[in-house]
Amino acid sequence: MVRYRVRGGNALRGTAFIQGAKNAVLPMIGAALLAAEGRTVLRNVPIIEDVRRAVELAEAVGAKVELHETEQTLVIDASRLTNPVLPAEIARRFRGSVLFVPALLHRLGEAVIEGVGGCNLGSRNLDFHYLGYKRLGAVVDEGESVIHVKAAGLTGAPLYLDTPSHTGTENLIMAAALAKGTTVIENAALEPEVLDVIDMLTKMGARISGGGTGFITVEGVDELTAVEHRVMPDRLDAGVFAMAAAITGGEVNLVGASLPHLGVVRWKLEQMGVEFSTDGAVLNVRRDRPLRPINVITDTYPGFATDLQSPIMTVACLADGASYIHERIFDGRFALAGELNKMGANIEIEGSRAVVHGATPLTGTEVTAHDLRSGIALVLAGLAADGETVVSPGYLIDRGHHDLAARMKALGGDVVREISPTT
Ligand SMILES: CC(=O)N[C@H]1[C@@H](OP(=O)(O)OP(=O)(O)OC[C@H]2O[C@@H](n3ccc(=O)[nH]c3=O)[C@H](O)[C@@H]2O)O[C@H](CO)[C@@H](O)[C@@H]1O
Ligand SMILES: C=C(OP(=O)(O)O)C(=O)O
């Protein structure tokens, strides 16, 4: 088992290189499978466990995939897809597996979903996806453990999402891209990753308009071609490095980060006393005054990203006064509070609301990552804690952050990734 060993006390200083976005590259791998000829090239690919799982899954359905780790490049040849089954042993390990369904439907006429994984955040339904496929003409057979989606060609239709689901929007766009006729998706997600996927699909020949407005129109085309695309920067990785500077009272230069994509996260950190400035393309983040408490309400983009709610909860432990956090996207995202309390925090949870009573000094101990973002939030806690913090399972952190220990170490953070001798 992988674990992270963190010793606190160092203010982080220096340059951090922000990785390509996990939540953009995964749908892009799904999109690459829509191209029946030629090889797709994806650049700025984060070398994370979810990408490795996506490569395994693409190979399981018949694609030929090369992951060039040093070059952070994926080359995908999907000219011969052979198998519509998304095997449980791979698909259950990451949420992005759901993004392979549209390509399997178009290319093989069916997709067999033996399970979908991802962070354990409470209920994570896929009903918007299945309802959308049905409205486009697919038959969805929801068995107890296996879901079978079949379609002899899809036809455009008006679609809607009850809430703007991120992967739901991406999947319905991909399903509509090769359907006959026009599809309009109402209440579509506005996340920058969705727009990056639309950019890639547009290069591939898809006809998509309205990205970023909440109403997306897709005119179906007969085929999509393989293209080269550079994955956008990961705004969640950038947010974590900004918060690492914030919690340690340091100063970091982020290369490859987009300040506009941080959105409300930037303004909330500023309210806490963190300063942001840009020098050309480099984003500077520093904190040299006491942290102030904060109110955070998570929301779909452009609201405060739920994936950064856990890291900011950790930062709030060091702010002088009560911080209020309202989690509106996932009903099971507060397991972190118990772990932070083990380190000396004072966090009360009531339903979807948390009150963080700060400032409480943190003390290192053994803690459990319940999901990717609680894992990285505990690494941040370790950076600010007295003594040593051991976070496991580290696999969850490796799902989403590329070479984390080395990038923290380059900033002076004492973070070691190790393989535990016991399980
Ligand atoms: C691989 C990827 O991109 N993962 C991201 C994606 O997850 P994901 O796409 O799974 O998240 P969604 O936007 O779909 O889910 C948001 C909410 O809608 C609900 N819902 C969603 C779909 C559905 O068919 N029915 C339904 O009820 C979910 O249970 C959840 O409460 O967006 C989340 C919210 O920004 C992020 O935390 C994840 O990092
Ligand atoms: C919830 C997350 O990921 P996934 O949707 O892949 O489980 C996340 O990245 O925090």
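As the structure is a prediction and not an experimental result, all values here were calculated from the model. Numbering of residues starts from 1 in every chain and runs along the sequence as written. All chains are assigned letters beginning at A, and all ligands numbers beginning at 1, according to the order in which they are written. Under the rules for a predicted model, residues below a pLDDT of 70 receive no local features and side-chain atom pairs below 80 are neither given nor counted, while totals for whole chains, interfaces and linings still include all residues. Excluding hydrogens and water, the side-chain values take into account all heavy atoms of the structure.

### Overview of the domain arrangement of the protein chain
Turning to step 1, where the next piece is worked out: As annotated, the domain borders come from an automatic or database domain assignment. Along its sequence, the protein chain is organised into domain 1 (2-10 + 258-271 + 290-419) and domain 2 (22-230).
Turning to step 2, where the next piece is worked out: The criterion used for residue contact is that any of the two residues' heavy atoms lie within 4.5 Å. Contact with domain 1, which involves 19 residues of that partner, is made by 23 residues of domain 2.
Turning to step 3, where the next piece is worked out: What counts as buried area is the accessible surface, traced by a 1.4 Å probe, that two parts surrender upon association, with contributions from both included. Of the roughly 1700 Å² buried between domain 1 and domain 2, counting both surfaces, carbon and sulfur atoms make up 54%.
Turning to step 4, where the next piece is worked out: The salt bridge definition used is simple: a Lys or Arg side-chain nitrogen within 4 Å of an Asp or Glu carboxyl oxygen. At the junction of domain 1 and domain 2, the tally comes to one salt bridge.
Turning to step 5, where the next piece is worked out: The salt bridge partner of D50 is R399, with a shortest N-O separation of 2.7 Å.
Turning to step 6, where the next piece is worked out: Pairs of N or O atoms are called polar contacts if they sit within 3.5 Å, as long as, within protein, a hydrogen donor faces a hydrogen acceptor (for residues adjacent in sequence, only side-chain-to-side-chain pairs). Put simply, domain 1 and domain 2 have five residue pairs in polar contact (both at pLDDT 80 or more) between them.
Turning to step 7, where the next piece is worked out: Under the scheme used here, helices are H or I runs from DSSP no shorter than 4 residues and strands are E runs no shorter than 2 residues, and both carry numbers assigned from the N terminus. For the side of domain 1 that touches domain 2, the secondary structure elements donating two or more residues are α13 (372-384) and α14 (395-398).
Turning to step 8, where the next piece is worked out: Each residue is assigned to one class: nonpolar for Ala, Val, Leu, Ile, Met, Phe, Trp, Tyr, Cys and Pro, charged for Asp, Glu, Lys and Arg, and polar for all the others, Gly among them. Tallied by class, the residues present in the side of domain 1 that touches domain 2 amount to five nonpolar, seven polar and seven charged.

### Regarding the UniProt feature "binding site: phosphoenolpyruvate" (unreviewed entry) in the protein chain
Turning to step 1, where the next piece is worked out: Taking the numbering used here, the UniProt-annotated feature "binding site: phosphoenolpyruvate" (unreviewed entry) corresponds to K22 and N23.
Turning to step 2, where the next piece is worked out: Relative to the elements of secondary structure, K22 occurs in helix α1 (residues 22-32). UniProt positions are given in the numbering used here, feature names are shortened, and annotations may be inferred rather than shown by experiment.

### Side note on the sheet that holds strand β14 (residues 228-230)
Turning to step 1, where the next piece is worked out: A pair of strands is labelled paired if DSSP reports no fewer than 2 bridges between them. With mixed pairing, four strands are arranged side by side in an open sheet as β4-β5-β3-β14. Sheet topology places β4 (64-68) and β14 at the edges, where each strand pairs with a single neighbour. Strand-to-strand twist in this sheet, taken as the mean axis angle between neighbours without regard to direction, amounts to 15°.
Turning to step 2, where the next piece is worked out: Inspection of the sheet shows strand β3 (residues 39-43) paired to β14 by three bridges, in the parallel sense. Angular values range over 0 to 180 degrees, each being the angle between N-to-C directions of two axes fitted as lines to C-alpha atoms, with helices fitted over their stretch in contact.

### Let's talk about the packing of helix α11 (residues 309-317) against α13
Turning to step 1, where the next piece is worked out: Relative to each other, α11 and α13 sit at 25°, their axes nearing to 8 Å. It follows from the interaxial angle that α11 and α13 lie roughly parallel. Considering how the two elements wind past one another, α11 and α13 form a crossing that is right-handed. Packed against α11, whose contacting residues are S310, P311 and T314, the element α13 presents R373, S374, I376, A377, L380 and A381 at the interface.
Turning to step 2, where the next piece is worked out: Looking at the contact of α11 with α13, its residues break down into five nonpolar, three polar and one charged. The labels follow the angle: roughly parallel below 35 degrees, roughly antiparallel above 145, roughly perpendicular from 65 to 115, and oblique for the rest. With the far helix as reference, a near helix turned anticlockwise by less than a right angle produces a left-handed crossing, and one turned clockwise produces a right-handed crossing.

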